[in-house]
Amino acid sequence: MNSTACPCRVSPNTDSSAAPMTYKACCQPFHEGERCANNAETLMRSRYSAFVLTPTDIELADYIVATTLPAQQRLLDKSAIEAWAKDTDWAGLEVVKHTPKLGRRHAQVEFKAYFNSEAGLAVHHELSTFVKVQDASKDGQTKWYFIDPNVATTMSQKQPCLCGSGERFKRCCGRF
Ligand SMILES: [Zn+2]
Ligand SMILES: [Zn+2]
């Protein structure tokens, strides 16, 4: 695995004349907790790789949970994440657009995640939103998290935002 291409660097549409980045040089340090993704695109790529590799390393489903906004983590269905990761025949990733700065603490990544279906190559085309949160335990440090849109919609618009920014949800993560 260490010398093979990182799943997030494989795309069905790119002509791979240059060797893609290896897993070891790309997402492995994030999966093993050696480093934290320092921007939304890197975090998104590492989450995609975790989905692809969950069938070979079940603990990567924990990484998918851990990189979702802490206030949403207990609402996630880990067995559903595992089942989805295992039942999908992933075929590559293409980052369409990374918007690293959207206001003070958000970022968005538009991507296409490819998978093989009975009808041939299919694609999930998504625009995901990420938020940078201050880590209270390590003063001043910030960490990026994925905002799960399926969980965020259960929030009331006037509640303080689930990311802990102190702003109202509708003025913060609720805008996306
Ligand atoms: Zn990667
Ligand atoms: Zn927020």
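From a predicted model like this one, the values you see are computed outputs, not experimental measurements. (Residues numbered from 1 in each chain as written. Chains lettered and ligands numbered in written order. Predicted model: local features only at pLDDT ≥ 70, side-chain atom pairs only at ≥ 80, totals over all residues. Heavy atoms only, no water.)

Here we look at the overall build of the protein
Scanning the protein for helices and strands turns up six helices and four strands. Element order for the protein, N to C, with α for helix and β for strand: α-α-α-α-α-β-β-β-β-α. The C-alpha atoms of the protein give 16 Å as radius of gyration, which agrees with the globular expectation for 176 residues (16 Å, within 12%). Principal-axis analysis of the C-alpha atoms gives the protein an extent of 50 × 35 × 30 Å. (Helix = DSSP H or I, 4+ residues; strand = E, 2+ residues; numbered from the N terminus. Rg over C-alpha atoms; globule rule 2.2 N^0.38 Å.)

Quick word on the layout of surface pockets
For the largest pocket, the calculated volume is near 670 Å³. Arg47, Glu126, Phe146, Asp148 and Pro149 are the residues nearest the centre of the largest pocket, which is lined by 31 residues in total. Going through the elements one at a time, α2 (40-53), α5 (78-87), β2 (106-117), β3 (120-134) and α6 (149-152) are the ones with two or more residues in the lining of the largest pocket. With six residues, β3 is the single largest residue contributor to the lining of the largest pocket. Of the residues assigned to the lining of the largest pocket, the class counts are 20 nonpolar, seven polar and four charged. (1 Å grid on protein atoms, 1.4 Å probe; cavity = no way out; pocket = protein on both sides within 12 Å on 5 of 7 lines; lining within 4 Å. Points joined across faces, edges and corners; volume = space filled by probe spheres on them. Nonpolar A, V, L, I, M, F, W, Y, C, P; charged D, E, K, R; others polar.)

Comments concerning the coordination of the zinc ion (ligand 2)
Geometry reference: four tetrahedral donors at a metal, ideal angle 109.5 degrees. Six octahedral donors, ideal angles 90 or 180 degrees. Every protein donor of the zinc ion (ligand 2) is accounted for by Cys161 (SG), Cys163 (SG), Cys172 (SG) and Cys173 (SG), and the metal-donor separations fall at 2.2 to 2.4 Å. For the zinc ion (ligand 2), the single-chain donor residues occur in sequence as C-x1-C-x8-C-C. This pair shows no difference in class: cysteine 172 is buried, exactly as cysteine 173 is. (Donors = N, O, S within 2.8 Å, 3.2 Å for Na, K, Ca; no water. Buried < 20%, exposed > 50% of the residue type's maximum accessible area, 1.4 Å probe, protein only.)

Some details on α2
Taking 1.5 Å per residue as the helical rise, α2 with its 14 residues ought to reach 20 Å, and the 20 Å between its terminal C-alpha atoms agrees with that figure. Burial analysis of α2 places twelve of its 14 residues in the buried class, the great majority of the element. Taken together, the buried positions of α2 are occupied by Ala40, Thr42, Leu43, Met44, Arg45, Ser46, Arg47, Tyr48, Ser49, Ala50, Phe51 and Leu53. Measuring from the side-chain oxygen of the N-cap residue of α2 to the backbone nitrogen of glutamate 41 gives 3.1 Å; that N-cap residue is asparagine 39. (Expected span 1.5 Å × (residues − 1). Polar contact = N/O pair within 3.5 Å; in protein donor to acceptor, adjacent residues only side chain to side chain.)

Regarding the environment of isoleucine 58
Following the sequence through the fold, isoleucine 58 ends up in the loop between α2 and α3 (60-66). Counting along the chain gives 24 residues from isoleucine 58 to glutamate 82, while the straight-line C-alpha distance between them is 7.6 Å. Residue contacts for isoleucine 58: discarding those within four places in its chain leaves Glu82 and Lys86. (Contact = heavy atoms within 4.5 Å.)

Just geometry here; none of it tells us what the structure is for.
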